[in-house]
Amino acid sequence: MRYGHSVEAVRRAEGALMARVPEGALMQRAAAGLAAAGADLLGRVYGARLVVLVGSGSNGGDALFAAARLLRRGASGTAVLLAPERAHGEGLAAFRAAGGRVTGADGGAGVIAHADLVLDGITGIGGKGGLRPEAEPLARAARESGAAVVAVDLPSGVDADTGEVHGPAVHADATVTFGTYKPGLLIDPAAERAGALRLVDIGLDPAELGTPALEALQHADVAALLPRPTGESDKYRRGVVGVAAGSRRYPGAAVLAVSGALRGGAGAVRYAGPGGAAVLARHPETLVSTGSPHSAGRVQAWVVGPGLGDTAEARTAVDDALAADVPVLVDADGLRLLTPEAVRRRTAPTVLTPHAGEAAALLGRAREEVEAGRLRAVRELAARFGATVLLKGSTTLVADPDPERPVRVNATGIAWLATAGSGDVLSGLTGSLLAAGLAARDAASVGAYLHGLAARLSEVPLTALDLADALPRAWRNVSE
Ligand SMILES: NC(=O)C1=CN([C@@H]2O[C@H](COP(=O)(O)OP(=O)(O)OC[C@H]3O[C@@H](n4cnc5c(N)ncnc54)[C@H](O)[C@@H]3O)[C@@H](O)[C@H]2O)[C@@H](O)CC1
Ligand SMILES: Nc1ncnc2c1ncn2[C@@H]1O[C@H](COP(=O)(O)OP(=O)(O)O)[C@@H](O)[C@H]1O
Ligand SMILES: [K+]
């Protein structure tokens, strides 16, 4: 598992550790890791030209000490001080002693244009709001230069706790972060500013960090959660998933949701609705009925919503599924037919899988607001509906109805997934994992993981059916 901790947790753990180690030791650990990452990126340190963007806090101190280390290995460098009277004193002294030059913000753009490596030490976890006006031209010059831009701890200007970006921010090629990941490094729009991530261990005690705000499953976590048949299994014990999707107008959604469900580890898939002929043509193994979920036979989980439309039948399908005492996943059109009360009344788990537009409609906000504040939106929806919520998009987040539990972030998705019908495959897949017995947030986060991995293992441009066909490869890739 990869964890992201809040600024408050980092400060607490750093404080406890600082009381046990000599003064300045943590900053030296951070600087050593940062210098090593810079050296890796440069390939050859000797003769390389560095620029260090230095703000008024310890983030600038890390950058200056790291640069001093690289200068001692034969690089040359200039520190651009954004607040000259408040730059980190010892860091600056070490940098000067190693032969570093110093300039003010006005001289920054000129030196950046000739740099091989820019270290962004403007702000770290102490930053508030976007970059200040004097820093913005420097961030722009760094992005436009040919230099590798390495953010120290975080790209300056992004919100460490939420991934929100309020105003201009640094665009880094890589971020070297200390002690633990910060949520903002893993959630867009900030994550997109961070580039490749490298974590430097500075010795923080996990017990002092406490419960993470965010967690990201890794291959081993997914492998441990995947349902696998045993000698005792039969198709019913493996779980039966019901799919109520598609309509006369959108029969394709039924086919795609069933494709995902068949590849999700349940023993059988029941389909209920008007798309049965199309489903059978593609997937003859499906158990098809034409009525609503109520008359479809027993299942261990329902998936309801993709391509359902907004007819009376659609409404009955949603109401029937919600009335069943099994886990229910509601997606797409189904989301428009929900009320928070109907979901909160349920005793079995409910999983909602909106994209940003659907989440915005559920929250009564603009789509852009949801995209700019994904973490807040997913948490709010989970609280309002008392459900597990999987918010799709450039970053997929899964929030549990229990606000104390870390939100899960999926790291496998790629932008090629933004293709019609790929969400239908995800809902079938996740429903199947629910039917196989995974807890709601595990089903949702394992579903998102396999879905993203399948995209990575597909030919591009990919189609939704390609994605379903690639799921066995994703499954094998995780299990190897
Ligand atoms: N506390 C520790 O033990 C360690 C801290 N480390 C580093 O210290 C950083 C945190 O240091 P600080 O708490 O000093 O805070 P920062 O260096 O992140 O920034 C705080 C300073 O920036 C100013 N500032 C805030 N928002 C700004 C903005 N939008 N534009 C320009 N200036 C702004 C503030 O006035 C304050 O002076 C971490 O991110 C990490 O890089 C590391 O050295 C590891 C050890
Ligand atoms: N930019 C992106 N990067 C990564 N994944 C994305 C991106 N845009 C969309 N996706 C993923 O693609 C899928 C699209 O689902 P959805 O919006 O429901 O489409 P549809 O309704 O056509 O099936 C989701 O899994 C979503 O997370
Ligand atoms: K920074």
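Model, not experiment: these values are computed from the prediction. (Residues numbered from 1 in each chain as written. Chains lettered and ligands numbered in written order. Predicted model: local features only at pLDDT ≥ 70, side-chain atom pairs only at ≥ 80, totals over all residues.)

I keep staring at the pairing of strand E17 (residues 396–399) and nothing clicks. Help me out?
Two faces, one strand: in a regular strand the side chains alternate between the faces of the sheet. Judged by which residues are buried, E17 turns out to be covered on both faces: Thr396 and Val398 on one side and Leu397 and Ala399 on the other are all buried. As paired elements, strand E16 (residues 388–391) and E17 share three bridges and run antiparallel to each other. Counterpart to Val389 in the pairing with E17 is Ala399. Here E16 hands over to E17 after four residues, with Gly393 in that stretch at a positive phi of 135 degrees. (Buried ≥ 20, exposed ≤ 12 C-beta atoms within 10 Å, placed from the backbone. Helix = DSSP H or I, 4+ residues; strand = E, 2+ residues; numbered from the N terminus. Pairing = 2+ DSSP bridges.)

For this particular structure, what's the right way to read the UniProt feature "domain: YjeF C-terminal" (unreviewed entry) in the protein?
The feature "domain: YjeF C-terminal" (unreviewed entry), as annotated in UniProt, sits at residues 218–478 in this numbering. Between the end C-alpha atoms of residues 218–478 the distance is 9 Å, and the span holds 44% helix and 14% strand. (UniProt positions renumbered as here; feature names shortened; annotations may be inferred.)

How do you make sense of the site of ligand 1 when you look at a structure like this?
Not every one of the 25 residues close to ligand 1 is listed here, only the nearest: Gly57, Ser58, Asn59, Gly124 and Gly126. Listed by contribution, the elements that provide at least two residues to the shell around ligand 1 are helix H1 (7–18), helix H2 (25–42) and helix H3 (58–72). For the shell around ligand 1, the per-class residue count stands at 10 nonpolar, 10 polar and five charged. (Near = placed C-beta within 6 Å. Nonpolar A, V, L, I, M, F, W, Y, C, P; charged D, E, K, R; others polar.)

Where do I start with helix H10 (residues 251–262) in this structure?
Helical geometry note: an α-helix holds 3.6 residues per turn, so side chains three or four residues apart project in the same direction. A rise of 1.5 Å per residue sets the reference length of H10, with its 12 residues, at 16 Å; its end C-alpha atoms lie 17 Å apart and thus fit the reference within 8%. Judged by how many residues are buried, H10 sits mostly within the fold: 12 of 12 residues are covered. Where H10 is buried, its residues touch strand E10 (240–244), strand E11 (268–272), helix H11 (276–282), strand E13 (301–304), helix H17 (422–435) and helix H19 (464–479). (Expected span 1.5 Å × (residues − 1). Contact = placed C-beta atoms within 7 Å.)

Can you walk me through the confidence of the model for the protein in this structure?
Caution is warranted with low-pLDDT regions, since their predicted coordinates should not be read in detail. The pLDDT averaged across the protein works out to 97; a share of 100% of its residues lies at or above 70. Scored by ipTM, the complex comes to 0.93, with pTM at 0.96. (pLDDT = per-residue confidence, 0-100.)

Would you take a moment to explain the nonpolar core for this structure?
In a soluble, globular protein the nonpolar side chains are often hidden away together inside. Membership of the largest hydrophobic core comes to 166 residues, with the highest contact counts inside it found for Val52, Leu64, Ala67 and Leu119. Per-element tally for this core: the top contributor is helix H18 (residues 440–456), with 10 residues. Inspection of this core shows a minimum of three residues originating in each of domain 1 (2–215) and domain 2 (219–479). When residues no more than four places from it in sequence are discounted, the contact partners of Leu119 are Gly38, Leu50, Val52, Leu53, Ala63, Ala66, Ala67, Val150 and Val152. (Core = buried A, V, L, I, M, F, W, Y, C linked by C-beta atoms within 7 Å. Domains from an automatic or database assignment.)

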